[in-house]
Amino acid sequence: MRISVQTCLAAILAPALLAASPAMSAPKPAPVSTPSVGSPERTAILDAIRPAPGSKIRFIVHDLRVIKGRNARFAYAAVEPSQQEYDGGEFILKNEGRWRVVWSVTGGGTNTCADIAAYYRDIARMLVAEGIAADRLHPGHSAEERRLQAAAHDDADCNAIGDLGPELD
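Figured I'd write up the structure that's included with this text. Since the structure is predicted, the reported quantities are computational estimates derived from the model, not experimental observations. (Residues numbered from 1 in each chain as written. Predicted model: local features only at pLDDT ≥ 70, side-chain atom pairs only at ≥ 80, totals over all residues. Heavy atoms only, no water.)

What follows deals with the pattern of salt bridges. Counted according to the given criterion, the structure contains eight salt bridges. For the salt bridge of R50 with D47, the shortest nitrogen-to-oxygen distance reads 2.6 Å. Classification of D47 by relative accessible area gives partly exposed; the value is 41%. A salt bridge links E96 to R100, with the shortest nitrogen-to-oxygen separation between them at 4.0 Å. Residue E96 is classed as exposed on the basis of its relative accessible area of 52%. Overlapping salt bridges bring together K94, E96 and R100 as one network. (Salt bridge = Lys/Arg side-chain N within 4 Å of Asp/Glu carboxyl O. Buried < 20%, exposed > 50% of the residue type's maximum accessible area, 1.4 Å probe, protein only.)

What follows is about the nonpolar core. In terms of nonpolar packing, the biggest core is built from 21 residues, with F74, I92, W103, I123, L127 and L137 touching the most fellow members. Where this core is concerned, the elements lending two or more residues are β2 (73–81), β4 (99–106), α4 (113–129) and α5 (134–137). It is α4 that contributes the most residues to this core, eight residues altogether. One finds L46, I57, V66 and W99 within the second-largest nonpolar core, a separate group that totals 13 residues. (Core = buried A, V, L, I, M, F, W, Y, C linked by side-chain atoms within 4.5 Å. Helix = DSSP H or I, 4+ residues; strand = E, 2+ residues; numbered from the N terminus.)

With that settled, consider the pairing of β4. The buried fraction of β4 amounts to six of the eight residues, a majority that puts the element mostly inside the structure. The hairpin turn running from strand β3 (residues 89–95) into β4, its antiparallel successor, is three residues long, and G97 in that turn takes a positive phi close to 115°. (Pairing = 2+ DSSP bridges.)

A separate point is the packing of α4 against helix α6 (residues 141–153). One way to put it is that α4 packs onto α6 with a least axis distance of 8 Å and a crossing angle of 150°. Classified by the angle their axes make, α4 and α6 are roughly antiparallel. Read as a crossing pair, α4 and α6 show a hand that is left-handed. Residues C113, A114, I116, A117, Y120, R121, I123 and A124 of α4 touch α6, and the partners they reach there are H141, E144, E145, L148, Q149, A151 and A152. Taken together, the residues of the contact of α4 with α6 sort by class into 10 nonpolar, two polar and three charged. (Axes fitted to C-alpha atoms, helices over the stretch in contact; angles between N-to-C directions. Parallel < 35°, antiparallel > 145°, perpendicular 65-115°, else oblique. Left-handed = near helix turned anticlockwise from the far one by under 90°. Contact = heavy atoms within 4.5 Å. Nonpolar A, V, L, I, M, F, W, Y, C, P; charged D, E, K, R; others polar.)

Take the packing of aromatic side chains next. Tallying each qualifying case throughout the model produces two aromatic pairs. With centroids separated by 5.1 Å and ring planes inclined at 90°, the aromatic side chains of W103 and Y120 adopt a geometry described as edge-to-face. Of this pair, W103 sits in strand β4 while Y120 sits in helix α4, placing them 17 residues apart in sequence. Each member of the pair, W103 together with Y120, is buried. A connected cluster of aromatic rings, assembled from ring pairs, spans W103, Y119 and Y120. (Phe/Tyr/Trp six-rings, centres within 6.5 Å; stacked < 30°, edge-to-face > 60°.)

Here we take up α4. Its 17 residues place the ends of α4 24 Å apart at the C-alpha level, agreeing with the 24 Å of an ideal helix rising 1.5 Å per residue. Residues of α4 that are buried include every one of C113, I116, A117, Y119, Y120, I123, A124, M126 and L127, and no others. G131 occupies a position one or two residues after α4 and carries a positive phi of about 85°. (Expected span 1.5 Å × (residues − 1).)

With respect to the helices, strands and loops of the structure, I60 is situated in strand β1 (residues 59–68). As a C-alpha pair, I60 and V79 span 19 residues in sequence and 5.6 Å in three-dimensional space. I60 has contacts with A78, V79, E80 and S82, leaving out every residue within four places of it along the chain.

Okay, here's the thing in structure tokens:
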């Protein structure tokens with residue numbers, strides 16, 4: 001049995017070509033971390049969520065994630081105050097020298113489903129511009145946006161969803 005030069009070259013080059021394919025060479029997503037209890041970063045994130053500097057409100061933290069974007073670090077926090085003295089909710093924060101809340105949905109509220117869906121969509125766009133998939137930072141973000149958009153289309157009442165936080169930059 002005689003093997004052609006082309007067959008030999010194909011056998012040699014195929015693994016190299018596969019390794020160089022876009023799927024294989026795509027950059028690895030930035031790691032998501034959770035700052036440990038009592039760490040300076042966790043304290044700074046929770047301080048940024050508190051209603052006033054020096055506030056002594058303690059939070060029950062249901063989820064806390066931090067990821068580095070192209071130009072800044074971002075955090076997602078789902079918290080509730082331990083004594084119910086303040087609205088809990090979901091927060092996305094940005095750190096460009098210090099942590100600040102850039103997006104939040106908290107208890108109560110009288111917003112329309114369309115307004116809330118747009119708010120979810122806008123923060124997702126901001127995160128994508130930073131190279132971060134919204135669901136990587138805030139699990140379920142896209143599904144909630146789709147649910148709200150469908151409810152807006154059906155004219156469903158979203159008044160119980162919550163108050164929207166700051167306007168996005």
